[in-house]
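# Per-entry structural report
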Amino acid sequence: MDEKDTEWKEEQQRVDQVVKEIQSKITSFNERAKGLKEKVIDIRKNFWDDVTVNLDEPDDIIETQASLKQQAEFLSERERSHGQVSEQLKTLERMEDSPYFGRIDFAEDGESTAEPIYIGISSLMDEKDEEFLIYDWRAPISSLYYDYPPGHAQYQTIEGTIDGEIELKRQFIIRNSKLKGLFDTGLTIGDHLLQTVLGNNADTNMKSIVATIQREQNQIIRNEKSDLLIVQGVAGSGKTSAALQRIAYLLYSYREVLSSEDIILFSPNPLFNSYVATVLPELGEENMKQTTFFQYVDAQLGRQFTIESPFDQMEYYLTGKGEDYSTRVDGISYKASLTFKHQLEEFVHKLGDEGLRFRNIKFRGEEIISNQEIKSYFYSLENNIAIPNRMESVAKWLLNKISEFERIEREKDWVIEESELLDKEDYLNVHRQLQEENKFSDDTFDDFEREEKLLRKLVIEDRLKPLKQKIKRMFFVDIKNTYIHLLKQSYQTEKKGADLPKNWSAIAQQTIENIKDKYLTWEDSTPYLYFQKMLVGFHENRSIRHVFIDEAQDYSPIQFAYLKKLFPSSRMTLLGDINQAIYAHALHQETLLSDKMKEKHERITLTRSYRSTRPIVEFTKSFMPNGELIEPFNREGEKPVLIEVENTDILNEKLLQEIEKFQSKGHQTVAVICKTVKESEMVYRMLENKIEVKLMSQQSHTFQKGLVVIPAYLAKGIEFDAVIIYNASNTQYSKELERNLFYTAGTRAMHELTMFSLGEPTAFINVVPRNKFIHYKIHAVHKGQ
Ligand SMILES: Nc1ncnc2c1ncn2[C@@H]1O[C@H](COP(=O)(O)OP(=O)(O)OP(=O)(O)O)[C@@H](O)[C@H]1O
């Protein structure tokens with residue numbers, strides 16, 4: 001038996017021993033879970049038996065409440081414990097399958113022997129709870145595994161830096177409790193394991209990368225000091241993966257003070273939400289909050305306006321035509337800018353003295369407080385008080401006026417008429433109330449009067465409730481007309497040579513028309529929201545401690561400024577890729593990832609691409625500016641293929657053959673990526689009767705294995721075994737942003753990339769060296785070709 005065999009045998013023996021320990025823990029946890037479950041059922045069943053209920057005297061009521069509260073707390077404490085034990089059980093079951101993935105033998109300075117440290121998804125103690133059989137990958141000592149090759153190394157603990165020597169660094173593949181692979185690694189970690197992991201089929205859910213985190217990714221994951229961390233990473237460099245592992249790391253390191261509820265991830269689309277949903281649960285953590293910026297904006301403004309989605313804006317940008325088109329495109333760019341934000345701020349400043357519009361307050365169709373009255377009150381307040389604070393005072397003043405109004409209105413006839421429409425429940429309440437009071441009265445006439453009084457009070461309170469709520473939500477400020485006023489006024493400013501685009505009056509008029517139609521374009525939504533919040537207050541969210549923004553290149557400066565206002569005390573991690581900026585506002589604006597970002601930040605750059613094979617990366621990087629900085633991970637595969645065809649019939653015929661070829665090769669996720677929804681729908685209709693296929697739209701929330709047709713901008717962040725770009729012709733991809741769109745589409749491919757071109761291929765491909773792809777021209781297709 002050679003040395004390798006002995007090592008293998010010894011490691012398998014250790015795996016067996018650890019798995020045995022895990023199994024015994026699973027048994028005892030199962031018993032605990034069972035015990036807790038029985039206890040929970042028992043408490044629920046006999047909830048009232050253990051509560052002392054006595055409502056005779058006020059003291060008894062208080063005692064009853066206390067007893068109830070105690071019992072409820074007891075129950076929820078048991079439920080919580082049961083939940084925790086069930087979670088731990090799930091982790092243990094995962095560990096039974098694959099207990100760990102790494103080992104380092106580390107000799108601390110001053111120690112003569114090295115201690116083997118085994119690293120897995122969670123820590124495991126031995127039977128006596130004395131020794132670590134496995135260290136959690138997030139434990140301070142585990143950072144050695146990711147950061148250093150064998151040799152001198154150090155890691156940080158709360159007590160300080162620990163120095164020492166890594167004598168061995170080993171990686172394992174363990175499945176079904178059996179050792180399947182064992183590699184001792186030198187300078188670079190993970191090549192063997194990475195090859196294996198990356199060579200697998202793409203999944204419809206993202207996987208965790210804990211076993212093969214690379215050093216530069218680890219810097220993102222374990223970053224402790226930055227309030228604003230910016231990650232510029234090329235396509236497939238593991239930005240999203242690093243973000244999710246970072247969340248898992250934070251939840252582990254700050255588990256006493258941080259929960260998944262305190263973290264929010266802004267993701268590019270709903271499909272992406274489901275794509276990443278399993279990563280944290282797989283690591284034994286709960287998912288963070290997740291939303292898209294559009295969902296957020298729509299929740300804020302959706303009741304007053306129809307909000308255009310960013311995808312519809314993109315579709316417009318890619319397909320729109322005519323005179324209005326260039327006006328709008330200029331508007332998109334300007335409205336994304338900080339210049340526009342300053343313009344809005346300046347205007348709001350002026351509104352402190354004059355110009356605000358208010359709404360009449362109406363009740364049952366009649367005006368009860370006029371907008372002029374509100375305006376006069378607002379401007380009678382000290383103008384050095386911030387506008388939102390003055391609005392608060394106006395709201396209080398209005399509520400007082402409503403109370404006065406309520407007292408008078410109560411006596412009117414309609415009130416008693418409406419009381420007849422009250423629910424039975426309301427009547428019962430009135431009677432109960434009367435009975436309570438009746439203890440002190442035996443005058444029945446008086447009772448009748450008092451009943452009427454109570455009924456009147458009830459009716460008027462009920463009818464005024466929505467109005468009062470609206471006042472509290474400051475609906476009395478006419479934001480819409482104030483905004484329109486701003487836009488109108490700005491034409492005059494234009495004459496004074498303000499910092500506005502040349503065709504501003506056309507842009508502003510287009511905007512006014514939309515707003516009057518209760519429609520907000522995507523580029524107008526955030527500025528409008530920002531403007532609204534400057535008037536009524538931002539209601540900052542201080543409970544969120546960490547904000548993650550994925551695909552950050554797609555956020556405009558004004559959108560980011562808004563998010564900063566919203567989460568003023570949160571730490572932020574922005575991840576994105578300048579080369580994948582595909583929104584029209586990115587044309588003339590700095591993206592969030594720009595070097596010129598003024599705010600204090602730390603920047604980490606990822607240049608290595610892991611998703612695609614080397615030939616695919618070599619191809620896609622060739623047509624990007626600064627593409628030479630993109631390094632492929634060394635995984636071999638077929639060269640990308642460009643198939644130039646003369647007409648749609650040939651294209652469609654050949655497309656089907658290509659799909660079938662990929663499927664017969666065992667590729668489980670194959671995507672036909674189109675430029676727009678329009679094109680996707682057309683391709684889908686052509687395919688649907690011939691092969692099983694799904695169309696992905698902005699409404700899609702999950703995707704399954706198989707064949708999908710998808711517009712490029714919805715495929716962001718996602719990957720497929722094989723990608724077919726439906727029409728990579730020069731008519732489709734020629735503008736600057738279309739380069740990024742084309743790059744985004746191509747970089748979704750893990751193993752194979754085919755591009756069709758109807759006529760002349762995009763000029764972007766012209767610059768790619770001929771040896772980096774295979775080029776066919778097809779004039780006719782014969783079945784079976
Ligand atoms: N260290 C790693 N070990 C194993 N797989 C990795 C590693 N880093 C990245 N990957 C894999 O590479 C692929 C791309 O990762 P990810 O989606 O996180 O990249 P990204 O930078 O967000 O990409 P994009 O910007 O193109 O959407 C995924 O399949 C991911 O699992």
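Residues numbered from 1 in each chain as written. Predicted model: local features only at pLDDT ≥ 70, side-chain atom pairs only at ≥ 80, totals over all residues. Heavy atoms only, no water.

With that out of the way, let us pick up the overall build of the chain. For the chain, the count of helices and strands is 26 helices and 26 strands. Along the three orthogonal principal directions, the C-alpha set of the chain runs to about 105 × 75 × 55 Å. With 785 residues in all, the chain has 53% of them scored as buried. When contacts within the chain are restricted to residue pairs at least 6 apart in sequence, long-range pairs at least 24 apart make up 75% of them. Split by element, the accessible area of the chain, about 37700 Å² in all, is 48% carbon and sulfur. Computed over 102 positive and 128 negative side-chain charges, the inter-centroid distance for the chain is 5 Å. (Helix = DSSP H or I, 4+ residues; strand = E, 2+ residues; numbered from the N terminus. Buried < 20%, exposed > 50% of the residue type's maximum accessible area, 1.4 Å probe, protein only. Contact = heavy atoms within 4.5 Å. Areas by Shrake-Rupley, 256 points an atom, 1.4 Å probe, with all protein chains shown as cover. Lys, Arg positive; Asp, Glu negative; His and termini not counted. Charge placed at Lys NZ, Arg CZ, Asp CG, Glu CD.)

What follows is about the side chain of Thr-327. Within the secondary structure, Thr-327 sits in helix H11 (residues 323-335). Filtering out sequence-adjacent residues up to four positions away, Thr-327 remains in contact with Asn-503, Ala-506, Ile-507 and Gln-510.

The 6 strands lie next to each other as S10-S9-S15-S16-S8-S17, forming an open sheet whose pairing is parallel. Pairing within the sheet leaves two strands with one partner each, and these edge strands are strand S10 (289-291) and strand S17 (602-606). When the angles between neighbouring strand axes are averaged without regard to direction, this sheet yields 15 degrees. In this sheet, strand S15 (residues 546-550) lies alongside strand S9 (residues 263-266) in parallel orientation, the contact comprising 4 bridges. Within the sheet, the bridge partner assigned to Phe-266 lies in S15 and is Ile-549. (Pairing = 2+ DSSP bridges. Axes fitted to C-alpha atoms, helices over the stretch in contact; angles between N-to-C directions.)

Attention now moves to unusual backbone geometry. Positioned with a positive phi, His-539 is a non-glycine residue whose angle comes to about 45 degrees. In this structure, His-539 sits in the loop between helix H20 (522-536) and S15. On the basis of relative accessible area, His-539 is assigned to the exposed category, the value being 59%. Phi at Glu-551 takes a positive value of approximately 55 degrees, unusual for a residue other than glycine. As for its position among the elements, Glu-551 is in the loop between S15 and helix H21 (557-566). Residue Glu-551 is classed as buried on the basis of its relative accessible area of 8%.

Glu-679, Ser-680, Val-683, Met-686 and Leu-687 are the residues of helix H24 (residues 677-687) that are buried. One side of H24 holds all its buried residues, which, seen down the axis, span an arc of 130 degrees. Of the exposed residues in H24, those oriented more than 90 degrees away from the buried face are Lys-678 and Arg-685. Where H24 is buried, its residues contact helix H23 (648-664), strand S21 (669-674), strand S22 (694-695) and strand S23 (706-711). (Arc of directions from axis to C-beta.)

All told, the structure shown has 36 salt bridges when counted by the stated rule. Glu-636 is the partner of Arg-614 in a salt bridge, and the nearest nitrogen-oxygen pair spans 3.9 Å. Taken together, the residues span a long stretch of sequence, with Arg-614 in helix H22 (residues 614-621) and Glu-636 in the loop between strand S19 (631-632) and strand S20 (641-645) at a distance of 22 residues. Through salt bridges that share partners, Glu-7, Glu-11, Arg-103, Asp-105, Arg-170 and Asp-184 make up one connected network. (Salt bridge = Lys/Arg side-chain N within 4 Å of Asp/Glu carboxyl O.)

A few words on helix H12 (residues 338-351). Relative to the 20 Å expected for 14 residues at 1.5 Å per residue, H12 spans 20 Å between its end C-alpha atoms, a close match to the ideal helical length. When H12 is considered as a whole, its buried residues turn out to be Phe-340, Lys-341, Gln-343, Leu-344, Phe-347, Val-348 and Leu-351. An end-on view of H12 places all buried positions within 155 degrees of arc, on one side of the element. (Expected span 1.5 Å × (residues − 1).)

Turning our eyes to something else, we now look at the site of the ligand. Close to the ligand lie 23 residues, the nearest being Thr-212, Lys-239, Ser-241, Glu-719 and Arg-748. A distance of 2.8 Å separates a nitrogen atom of the ligand from a polar atom in the side chain of Gln-217. Separating an oxygen atom of the ligand from a side-chain N or O atom of Lys-239 is a distance of 2.7 Å. Summarising the interface, the protein chains cover 97% of the accessible area of the ligand, which totals 630 Å² for the free molecule. Elements with a minimum of two residues in the shell around the ligand: helix H4 (191-199) and helix H6 (239-253). (Near = heavy atom within 4 Å. Polar contact = N/O pair within 3.5 Å; in protein donor to acceptor, adjacent residues only side chain to side chain.)

Here, the residues flagged by UniProt with the feature "binding site: ATP" (unreviewed entry) are Gly-233, Val-234, Ala-235, Gly-236, Ser-237, Gly-238, Lys-239 and Thr-240. Here Gly-233 lies in strand S8 (residues 228-233). Here Gly-233 is in contact with Lys-239, Gly-576, Asp-577 and Leu-606, once residues within four sequence places are set aside. In this structure Val-234 comes out as buried when scored by relative accessible area, which is 7%. Non-local contacts of Val-234, meaning those with residues more than four positions away in its chain, are made with Lys-239, Asp-577, Leu-606, Thr-607, Arg-608, Ser-609, Ile-630 and Tyr-743. (UniProt positions renumbered as here; feature names shortened; annotations may be inferred.)

Next up on the list: the sheet that holds strand S26 (residues 774-778). An order of S22-S23-S21-S24-S25-S20-S26 is seen for the 7 strands of this open sheet, with the pairing classed as parallel. Only two strands of the sheet have a single partner each, and these edge strands are S22 and S26. In the sheet, S21 pairs with S23 via 6 bridges, with the strands oriented parallel. Note that in S23 the partner of Val-672 across the bridge is Val-709. Each of S20, S21, S23, strand S24 (720-725), strand S25 (749-758) and S26 touches H23; the most contacted strand, S25, lies at about 165 degrees to it.

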